[in-house]
Amino acid sequence: AFIALGQYDLKRILAYSTMSHLGFMMLALGAGGFTAAIFHLTTHGLAKAMLFMSAGSVMHAMKDETDIRKMGGLRHRMPLTAAAFTIGALALAGIPPLSAFWSKDEILLAIRDGLNPIYLVAFLAAIVLSALYMARATRLAFYGPMSDEARKAHESPGVMTTPLLIL
């Protein structure tokens, strides 16, 4: 999660995020929360699929650019992709009533019942970091001031946006 906070490459942020969330699943398994781990695997997979597909849509529009510092203001040029990425980021951050809120809650319960409280504190800190790096990526790519590169961007065709809307 700390590494994701320092990245500017959109795909790397998402990849380091996956590593962090795999840690959540391993922590749940270590606490005996097998159902919580599988539940988080599922919720994380769906949210991450939407985020990676949105990142692909952005790369298509930005001529393979992945640096979020060059993307600001994409919500004006790519409203469907921006909405999908934002919802995926909110889900991954664990905002209720989205799915990862419930799976992270189950992991918290497993930790509370099966491990030393220090793991609970570490998990809560990692959840906050997860929300921070997703908020940072979303803001810089879609909600910041529009960059010169972003002025040339366009919404992806339906073959790319339709699966995003389904997810």
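Our structure is the block above this text.
Every chain's residues receive numbers from 1 upward, in the order its sequence appears when written. Reporting of local features is limited, given that this is a predicted model, to residues whose pLDDT is at least 70; pairs of side-chain atoms are given and counted only at 80 or more, and all residues count toward the totals for whole chains, interfaces and linings. Processing note: side-chain calculations cover all non-hydrogen atoms of the structure and skip hydrogens and water entirely.

## A look at the environment of A126
- Of note, A126 is situated in helix 7 (residues 117–143).
- Along the chain, A126 and L5 lie 121 residues apart, while their C-alpha atoms are 11 Å from each other. In DSSP terms, a helix is any run of H or I states spanning at least four residues, a strand is any run of E spanning at least two, and both are numbered starting from the N terminus.

## Details of the nonpolar core
- For this analysis, a nonpolar core means a set of buried residues of the types Ala, Val, Leu, Ile, Met, Phe, Trp, Tyr and Cys, connected via side-chain atoms within 4.5 Å. Burial classes: relative accessible area under 20% of the type maximum marks a residue as buried, over 50% as exposed, and values in between as partly exposed (1.4 Å probe, protein chains only). Of all hydrophobic cores here, the largest spans 27 residues; its most connected members are L10, L51, V58, M71, L74, M134 and F142.
- Among the secondary structure elements, those contributing two or more residues to this core are helix 2 (10–30), helix 3 (34–61), helix 5 (79–93) and helix 7.
- Sequence-distant contacts of F142, defined by excluding residues within four places in its chain, comprise V58, G73, L74, R75, T81, A82 and F85. Any two residues whose heavy atoms approach within 4.5 Å are treated as being in contact.

## Examining a nonpolar patch on the surface
- Like-charged residues within 9 Å of one another, or nonpolar side chains (Val, Leu, Ile, Met, Phe, Trp, Tyr) within 5 Å, are grouped into patches, provided each residue has over 30% relative accessible area and no salt bridge. The accessible surface values rely on the Shrake-Rupley method and a 1.4 Å probe; as for residues, cover is taken only from the protein chains in view. By convention in these notes, a salt bridge is any Lys or Arg side-chain nitrogen within 4 Å of a carboxyl oxygen on Asp or Glu. Side chains of I3, Y16, M19 and L22 sit close together on the surface and give an oily, nonpolar patch of about 360 Å² of accessible area.
- Counting through the fold element by element, M19 comes out in helix 2.
- What makes M19 exposed here is its relative accessible area of 53%.

## Details of helix 3
- Expected helix span is given by 1.5 Å per residue-to-residue step, counting one fewer step than there are residues. Taking 1.5 Å per residue as the helical rise, helix 3 with its 28 residues ought to reach 40 Å, and the 40 Å between its terminal C-alpha atoms agrees with that figure.
- Of the residues trailing helix 3, K63 is marked for its positive phi of about 55°.

## Points about the packing of aromatic side chains
- The pairing test for Phe, Tyr and Trp rings, Trp by its six-membered ring, is centres within 6.5 Å, and the orientation test on the planes gives stacked under 30 degrees, edge-to-face over 60, and tilted for anything in between. The tally for this structure, following the rule as stated, stands at three aromatic pairs.
- Measuring from centroid to centroid gives 4.8 Å for F24 and F123, while their planes differ by 80°, and the two rings are edge-to-face. With F24 in helix 2 and F123 in helix 7, this pair connects stretches of sequence that are 99 residues apart.
- A relative accessible area of 2% means that F123 is categorised as buried.
- On the basis of an interplanar angle of 85° and a centroid distance of 4.7 Å, the ring pair of F101 and W102 is categorised as edge-to-face.
- Judged by its relative accessible area of 42%, W102 is partly exposed.
- Two conditions define a charge sitting above a ring: the NZ of Lys or the CZ of Arg must be within 6 Å of the ring centre, and it must be within 35 degrees of the ring normal. Against the face of Y8 rests R69, its NZ or CZ located 3.9 Å from the ring centre.
- Positioned above the aromatic ring of Y8, the side-chain terminus of R136 is 4.8 Å from the ring centre.

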